[in-house]
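Examination of the molecular architecture
Given next are the chains, with one letter for each unit.
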Amino acid sequence: MLADRWGRAVKLAGRLLAAAVLLGLAAWLVGLRALLEQLRRVDPVWFAMAVIALAVSQWVSVVRWTSIAAILGLKAPARDLRLAYAQALAVNVVLPGATLGGDTLRSVRLHHLGNPLGESALSVLLDRASGLWILCVLSLLTGFGLLVTGNLDRIGRIAALPGLDVRTAAWVYVCVLSVAVAVPFLPLRLPSAGPGHGRWRRVLARMAELHMLTISRGRQLARTLWISLVVQILCAFALWLCLEAAGGGAGYFAVQAIAAPVFIAGVVPLSYGGFGARELVSLLAFSLIGVGAQTAVAASALYGLAAVLMGLATAPLLVMRRGPRDSEEQSGVLPS
């Protein structure tokens, strides 16, 4: 027991340190004094609109998760899942590790409603994967459109990568996004379980069952992608509003084109609420659309702050419990 607590404490300290180092590196690269001055000039009206847009995107995300869970045949009352999702938002702020803590809590909450743990975790995984895939598709299509129409050349020159012109960097970026979008269509196979009755064989057999369940519901799951599209448009809109609050410098479609790496960096486990990794990546991503370094980091930090405000607003819900097995639940289920 004591060893487990020490292990969790070490992981917590490591993630906090990693987030602080990454955030400090981003601040050092742009200049701490200039960044603080940029943040002092933030427009509160634009930022308030960003918080509202992000809150709406999370409400739509609950609709997506509820739909996916129902397609998998799980007991998924909308009220219970809304509560679990709100609690997950709070956990993402309270505990370091980006979205891993919240996703784990969602899986546990769904399991405690009387569903198998594997299928419960699968619903969360598919919910997350759906959003990330549509995010890459959206940024790919927008970025490609800016490139072929020549609009990218009029937006600005890249500043973070000396010696590399904006079109070359943008084409590299589009190619990387194309690979990410193509991953779900690659003929990937799970490793064979092999002979024996060991734990590894049981795990692989269980993964194969979940994989077949996903394939069998593929068409139904595909019909939920429009929800992810709405979610990502709202999230990109919130990021653009944060950019406007920080001083602007690019239009909505330009921000949508570079949203994928910014948001993906925000779910890296080596961060606290996405802070650090997201700001560092924003330095490169926003430079593709001609946004200055201080404004880019400020906009990214404001987006993270909007997420923190939502997490703090939902934190009181962590004391609430629902579902047939919730009376058996102990506070130790919250992952580190």
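Look above for the structure.
None of these values were measured; they are calculated from a predicted model.

**Quick notes on the overall build of the protein chain**
- Across its full length, the protein chain holds 15 helices and 0 strands.
- As displayed, the protein chain offers around 16,800 Å² of accessible surface, 69% of which is attributable to carbon and sulfur atoms.

**A look at the pattern of salt bridges**
- The full count for this structure, using the stated rule, is 7 salt bridges.
- Close ionic contact of Arg206 with Glu209 constitutes a salt bridge, the shortest N to O distance being 3.0 Å. Of the two residues, Arg206 and Glu209 both sit in helix H9 (residues 199-216), 3 residues apart, roughly one turn of that helix.
- On the basis of relative accessible area, Arg206 is assigned to the partly exposed category, the value being 28%.
- Overlapping salt bridges, with partners in common, bring together Arg64, Asp103, Arg106, Asp127 and Arg128 in one network.

**Quick notes on a nonpolar patch on the surface**
- Together, Val179, Val183, Leu186 and Leu188 make up an exposed nonpolar region whose accessible area comes to about 380 Å².
- Summarising the element assignment, Val179 is placed in helix H8 (residues 166-182).
- Of the residues examined, Val179 reaches a relative accessible area of 55% and is grouped as exposed.

**A closer look at the nonpolar core**
- By size, the foremost hydrophobic cluster in this structure holds 54 residues, and its most contacted members are Val255, Ile258, Phe263, Phe286, Ile289 and Tyr303.
- At the level of elements, helix H3 (44-71), helix H6 (117-148), H8, helix H11 (225-245), helix H12 (252-257), helix H13 (259-265), helix H14 (277-287) and helix H15 (293-314) are the ones that each hand at least two residues to this core.
- Residue contributions to this core peak at 12 residues, all from H11.
- Within the second largest apolar cluster, 20 residues are counted, among which are Val62, Ala84, Leu89 and Leu113.

**Points about the packing of H3 against H11**
- H11 packs onto H3 with a crossing angle of 165 degrees between their chain directions and a minimal axis gap of 8 Å. One way to sum up the angle between H3 and H11 is to call them roughly antiparallel. Judged by the twist between their axes, the crossing of H3 over H11 is left-handed.

Rules used in this analysis
- Every chain is numbered independently, its residues counted from 1 as its sequence is written.
- Where totals are concerned, whole chains, interfaces and linings use all residues; where local detail is concerned, this predicted model gives features only for residues with pLDDT of at least 70, and gives and counts side-chain atom pairs only at 80 or more.
- Only hydrogens and water are set aside; all other atoms, that is, all heavy atoms of the structure, feed into the side-chain values.
- Helix and strand definitions follow DSSP, with helices as H or I runs of at least four residues and strands as E runs of at least two, each counted in order from the N terminus.
- Note on areas: Shrake-Rupley with a 1.4 Å probe; residue coverage comes only from the protein chains shown.
- Whenever a carboxyl oxygen of Asp or Glu lies within 4 Å of a side-chain nitrogen of Lys or Arg, that contact is scored as a salt bridge.
- The buried label goes to any residue with under 20% of its type's maximum accessible area, the exposed label to any with over 50%, and the partly exposed label to all in between, with areas taken from a 1.4 Å probe on protein chains only.
- Patches here: salt-bridge-free residues with over 30% relative accessible area, like charges joined within 9 Å, nonpolar side chains (Val, Leu, Ile, Met, Phe, Trp, Tyr) joined within 5 Å.
- Side-chain atoms within 4.5 Å link the members of a nonpolar core, which is a set of buried Ala, Val, Leu, Ile, Met, Phe, Trp, Tyr and Cys residues.
- A fitted line through C-alpha atoms represents every axis, and for helices the fit uses only the stretch in contact; the resulting angles, taken between N-to-C directions, go from 0 to 180 degrees.
- Throughout, the term roughly parallel applies to angles under 35 degrees, roughly antiparallel to angles over 145, roughly perpendicular to angles from 65 to 115, and oblique to all others.
- By definition, any crossing whose near helix is turned counterclockwise from its far helix by less than a right angle is left-handed, and any crossing with a clockwise turn is right-handed.

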